[in-house]
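An overview of the molecular structure
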Amino acid sequence: MDINDNWKIKYGIVFLIITIVIYGLFIILGMGDSHEVTHYIWLHLGFIPLDLLLLGLIIDDLLSKKEK
């Protein structure tokens, strides 16, 4: 692992912790029951591969155009 990639890991961990805190507060403050929050999480997790695919294709296309 390159030392320059270390910030990516830290960044990912920080955002993961922030996400857990937000969902935890959402449940604790009573804005939704745990079933609703779990459904919301699974719904959005299902779109991550599609988002990554589209983002990868767009970035690849932009980089190809810039290369030319």
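Preceding this section is the structure that the text describes.
Report on the accompanying structure.

Parameters and conventions
- Residues numbered from 1 in each chain as written.
- Predicted model: local features only at pLDDT ≥ 70, side-chain atom pairs only at ≥ 80, totals over all residues.
- Heavy atoms only, no water.
- Axes fitted to C-alpha atoms, helices over the stretch in contact; angles between N-to-C directions.
- Helix = DSSP H or I, 4+ residues; strand = E, 2+ residues; numbered from the N terminus.
- Parallel < 35°, antiparallel > 145°, perpendicular 65-115°, else oblique.
- Left-handed = near helix turned anticlockwise from the far one by under 90°.
- Contact = heavy atoms within 4.5 Å.
- Nonpolar A, V, L, I, M, F, W, Y, C, P; charged D, E, K, R; others polar.
- Salt bridge = Lys/Arg side-chain N within 4 Å of Asp/Glu carboxyl O.
- Buried < 20%, exposed > 50% of the residue type's maximum accessible area, 1.4 Å probe, protein only.
- Expected span 1.5 Å × (residues − 1).
- Phe/Tyr/Trp six-rings, centres within 6.5 Å; stacked < 30°, edge-to-face > 60°.

Another point: the packing of helix α1 (residues 6-28) against helix α2 (residues 34-45). It is the contact of α1 with α2, at a shortest axis distance of 9 Å, that shows an interaxial angle of 150°. Classified by the angle between their axes, α1 and α2 sit roughly antiparallel to one another. In this structure, the crossing between α1 and α2 has a hand that is right-handed. Two secondary-structure elements touch here, α1 through Y23, F26 and I27 and α2 through S34, V37, Y40 and I41. Taken together, the residues of the contact of α1 with α2 break down into six nonpolar, one polar and no charged.

For the rest of this paragraph, the subject is the pattern of salt bridges. Under the definition given, this model contains one salt bridge. The shortest N-O distance in the salt bridge between K65 and D61 comes to 3.6 Å. In this pair, K65 and D61 are both assigned in helix α3 (residues 48-67), four residues apart and thus about one turn of the helix distant. Residue classification places K65 among the exposed positions, given a relative accessible area of 56%.

Here we come to α1. If you check α1, its first and last C-alpha atoms are 33 Å apart, about what 23 residues at 1.5 Å a residue would give, namely 33 Å. Phi turns positive one or two residues past the end of α1, at G30, with a value near 80°.

Under the counting rule described, the total for this entry stands at one aromatic pair. Ring geometry for Y11 against F15: centres 4.9 Å apart, planes inclined by 75°, an arrangement best described as edge-to-face. With Y11 and F15 both in helix α1 and four residues apart, this pair spans about one turn of that helix. What makes F15 partly exposed here is its relative accessible area of 43%.

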